[in-house]
Amino acid sequence: MARPEPWRLNPASYPFGTPVQTRFQDLDVLGHLNNVAVAALFESGRVRFNMNAGFAGPGGTRWLVAQVIVNYLAEGHFPADVEVRSGIGHVGTRSWQIMSAAFQAGACIATCDVVVVLSAEGGATSLPDPLRARLEEWRAADRG
């Protein structure tokens, strides 16, 4: 695995952040946050990001997660919260990327990139201009 670009490790690179509480049950036998727990922390952060940004597709559409890539960079620990920072990466014709990073005690412990596809009854559909404009407002600071 290639190490993320340095800008990905800076919380200021992302326009949105939210604390997500860790749980004792998230620990593995070695005493750190397990991989599934870290993925769930990103999911909670992503949902809060979408709600806060006011993203909404036009009537009759839905969003489908097409890809999730998590890079584990350091151990995370209980009971400290994790701050999940998020922003928009690539915006395509029918999909967009949500880029996130998880920070604990000031250090980046993982990154997560999610591709979301806009879908209608007939399958993937083009992003409408109002949604595209809204996505652009929430861009991460540097996309490489």
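To keep things clear, this report deals only with the structure shown in the data block. Residue numbers restart at each chain and count upward from 1, following the sequence in its written direction. Given that the model is predicted, a residue must reach a pLDDT of at least 70 before its local features are reported, and side-chain atom pairs must reach 80 or more before they are shown or counted; all residues, however, enter totals for whole chains, interfaces and linings. Heavy atoms from the whole structure form the basis of all side-chain values; hydrogens and water molecules are not counted.

1. Considerations on the overall build of the protein chain
Thinking step 1. Secondary structure assignment for the protein chain yields two helices and six strands.
Thinking step 2. Moving toward the C terminus, one meets the helices and strands of the protein chain in the order β-α-β-β-β-β-β-α.
Thinking step 3. The buried label applies to any residue whose accessible area, calculated with a 1.4 Å probe on protein chains only, is under 20% of its type's maximum; exposed applies above 50%, and partly exposed to all values in between. Of all 144 residues assigned to the protein chain, the portion counted as buried reaches 42%.
Thinking step 4. Taking contacts inside the protein chain between residues at least 6 apart in sequence as the whole, the part at least 24 apart equals 71%. Secondary structure elements are defined from DSSP: runs of H or I of at least 4 residues count as helices, runs of E of at least 2 residues count as strands, and each element is numbered from the N terminus. Note on definitions: a residue-residue contact is assigned when non-hydrogen atoms from the two residues lie within 4.5 Å.

2. Observations concerning the pattern of salt bridges
Thinking step 1. Basic side-chain nitrogens of Lys or Arg form a salt bridge, by our definition, when they fall within 4 Å of a carboxyl oxygen of Asp or Glu. A full pass over the atoms with the stated rule returns five salt bridges.
Thinking step 2. With a shortest N-O distance of 2.5 Å, Glu137 and Arg134 are connected by a salt bridge. Taken as a pair, Glu137 and Arg134 lie in helix α2 (residues 129–137) at a separation of three residues, close to a single helical turn.
Thinking step 3. A salt bridge links Arg139 to Glu136, with the nearest nitrogen and oxygen atoms 2.8 Å apart.
Thinking step 4. Given the relative accessible area of 21%, Arg139 is considered partly exposed.

3. Overview of the packing of aromatic side chains
Thinking step 1. For Phe, Tyr and Trp, rings pair up if their centres lie within 6.5 Å, where Trp contributes its six-membered ring, and each pair is then called stacked (planes under 30 degrees apart), edge-to-face (over 60) or tilted (otherwise). For the structure on display, the rule yields five aromatic pairs.
Thinking step 2. A ring pair is formed by Trp7 and Tyr14, whose centres lie 6.2 Å apart and whose planes are at 35°; its orientation type is tilted. Accessibility classification places Trp7 together with Tyr14 in one group, the buried group.
Thinking step 3. Ring geometry for Phe16 and Phe49: centres 5.8 Å apart, planes at 45°, overall tilted. One end of the pair, Phe16, is in strand β1 (residues 16–20); the other, Phe49, is in helix α1 (residues 35–53), with 33 residues separating them in the sequence. With respect to burial, Phe16 and Phe49 carry one shared label: buried.
Thinking step 4. Taken together, the aromatic side chains of Phe16, Phe49 and Trp138 make up a single cluster linked through ring pairs.
Thinking step 5. One cation-aromatic arrangement involves Arg8 over Trp7; the distance from NZ or CZ to the ring centre is 5.7 Å. Consider the ring centre and the ring normal. A charge sits over the ring if Lys NZ or Arg CZ is within 6 Å of that centre and within 35 degrees of that normal.

4. Examining unusual backbone geometry
Thinking step 1. Between Phe78 and the following residue, Pro79, the backbone shows a cis peptide bond with an omega angle of 15°.
Thinking step 2. The phi dihedral of Ala105 is positive, around 55°, even though this residue is not glycine.
Thinking step 3. With a relative accessible area of 86%, Ala105 lands in the exposed category.

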